[in-house]
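Coordinate inspection notes
What follows is each chain in one-letter form.
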Amino acid sequence: MVELPDEAATARLGAALLGLDGPALVLLEGDLGAGKTTLVRGFLRAAGHAGPVRSPTYTLVESYRTERCAAHHFDLYRLGDPLELEELGVRDYFAGDAWCFVEWPERAAGLLPPAELLIELAVVGTGRRATLRAGSERIGARLRDARLDVS
């Protein structure tokens, strides 16, 4: 578990993910306002993206390319039917060489490949708590070696 006392700490956790030797499929779970988009924004800023990073609630996916990596940010909160993702060509996103961050992954039941990392964010008082679970040995080894110091 990683304690995240403020929004800046959540963004720093996102930035620290760059050290995990991606790309990876990262599932983000947590209630509304738990910091999922803030975490992705931190990752993208650390990767060199200077433009806006908004939650893709209405577009379902936003794609980014920086000198360091490519990333796709999915927000499935408003997904009406998992088959909508098939119409978007979702499998192509996951087959490429890009980081994929998926908010509300439970709404895409059966359509997502196995995740390499699951991050659960929970509101705790005025801060957040992140629980990270590796879904692959590669990411598991990197998590064991990583120092996810966000203070």
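One structure accompanies this document, and this report is about it. Keep in mind that this is a model prediction, so the values were computed, not measured. (Residues numbered from 1 in each chain as written. Predicted model: local features only at pLDDT ≥ 70, side-chain atom pairs only at ≥ 80, totals over all residues. Heavy atoms only, no water.)

1. Re the overall build of the chain
We count it as follows: Numbering of helices and strands runs from the N terminus, with a helix taken as a DSSP run of H or I at least four residues long and a strand as a DSSP run of E at least two residues long. For the radius of gyration, the atom set is restricted to C-alpha positions; the globular benchmark scales as 2.2 Å times the number of residues to the power 0.38. To sort residues, take the accessible area from a 1.4 Å probe on protein chains only and compare it with the maximum for the residue type: under 20% means buried, over 50% means exposed, and anything in between is partly exposed. Contacts: residue pairs with any heavy atoms within 4.5 Å of one another. Reported accessibility uses the Shrake-Rupley method at a 1.4 Å probe radius. Residues are deemed covered only where the shown protein chains occlude them. In summary, the charge assignment counts Lys and Arg as positive and Asp and Glu as negative, without counting His or the chain termini. In this description, the location of a charge corresponds to atom NZ of lysine, CZ of arginine, CG of aspartate or CD of glutamate.
The helix and strand inventory of the chain stands at 5 helices and 7 strands. What you see in the chain, going N to C, is helices and strands ordered as β-α-β-α-β-β-α-α-β-β-β-α. The C-alpha radius of gyration of the chain comes to 14 Å, within 12% of the 15 Å expected for a compact globule of 151 residues. Each principal axis of the C-alpha atoms in the chain carries an extent, and together these give about 40 × 30 × 30 Å. In the chain, which comprises 151 residues, the share counted as buried stands at 48%. Considering only residue pairs separated by 6 or more positions, the chain has 64% of its internal contacts joining residues 24 or more positions apart. With an accessible surface of roughly 7,700 Å², the chain has 49% of that area assigned to carbon and sulfur atoms. Charged side chains in the chain number 17 positive and 22 negative. The centres of these two groups are separated by 5 Å.

2. Regarding the side chain of Thr38
Considering the arrangement of structural elements, one finds Thr38 in helix H2 (residues 36-47). The exposure class assigned to Thr38 is buried, which follows from its relative accessible area of 15%.

3. Here we look at unusual backbone geometry
Negative phi characterises most residues that are not glycine, and trans characterises most peptide bonds. Backbone geometry at Leu60 places phi at a positive 75 degrees, although glycine is not the residue there. Assignment of secondary structure puts Leu60 in the loop between H2 and strand E3 (61-65). Judged by relative accessible area, which is 11%, Leu60 ranks as buried. For Trp104, which is not glycine, the phi dihedral falls at a positive 60 degrees. Relative to the helices and strands, Trp104 resides in the loop between strand E5 (99-103) and strand E6 (117-124). Given the relative accessible area of 12%, Trp104 is considered buried.

4. Some remarks on the environment of Leu25
For Leu25, the location among the structural elements is in strand E2 (residues 25-29). By relative accessible area, Leu25 is classed as buried at 7%. Taking C-alpha positions, Leu25 is 6.2 Å from Phe101, a pair spaced 76 residues apart along the chain. Not counting residues within four places of it along the chain, the set of residues in contact with Leu25 comprises Phe94, Cys100, Val102, Pro113, Pro114, Ala115, Glu116 and Leu117.

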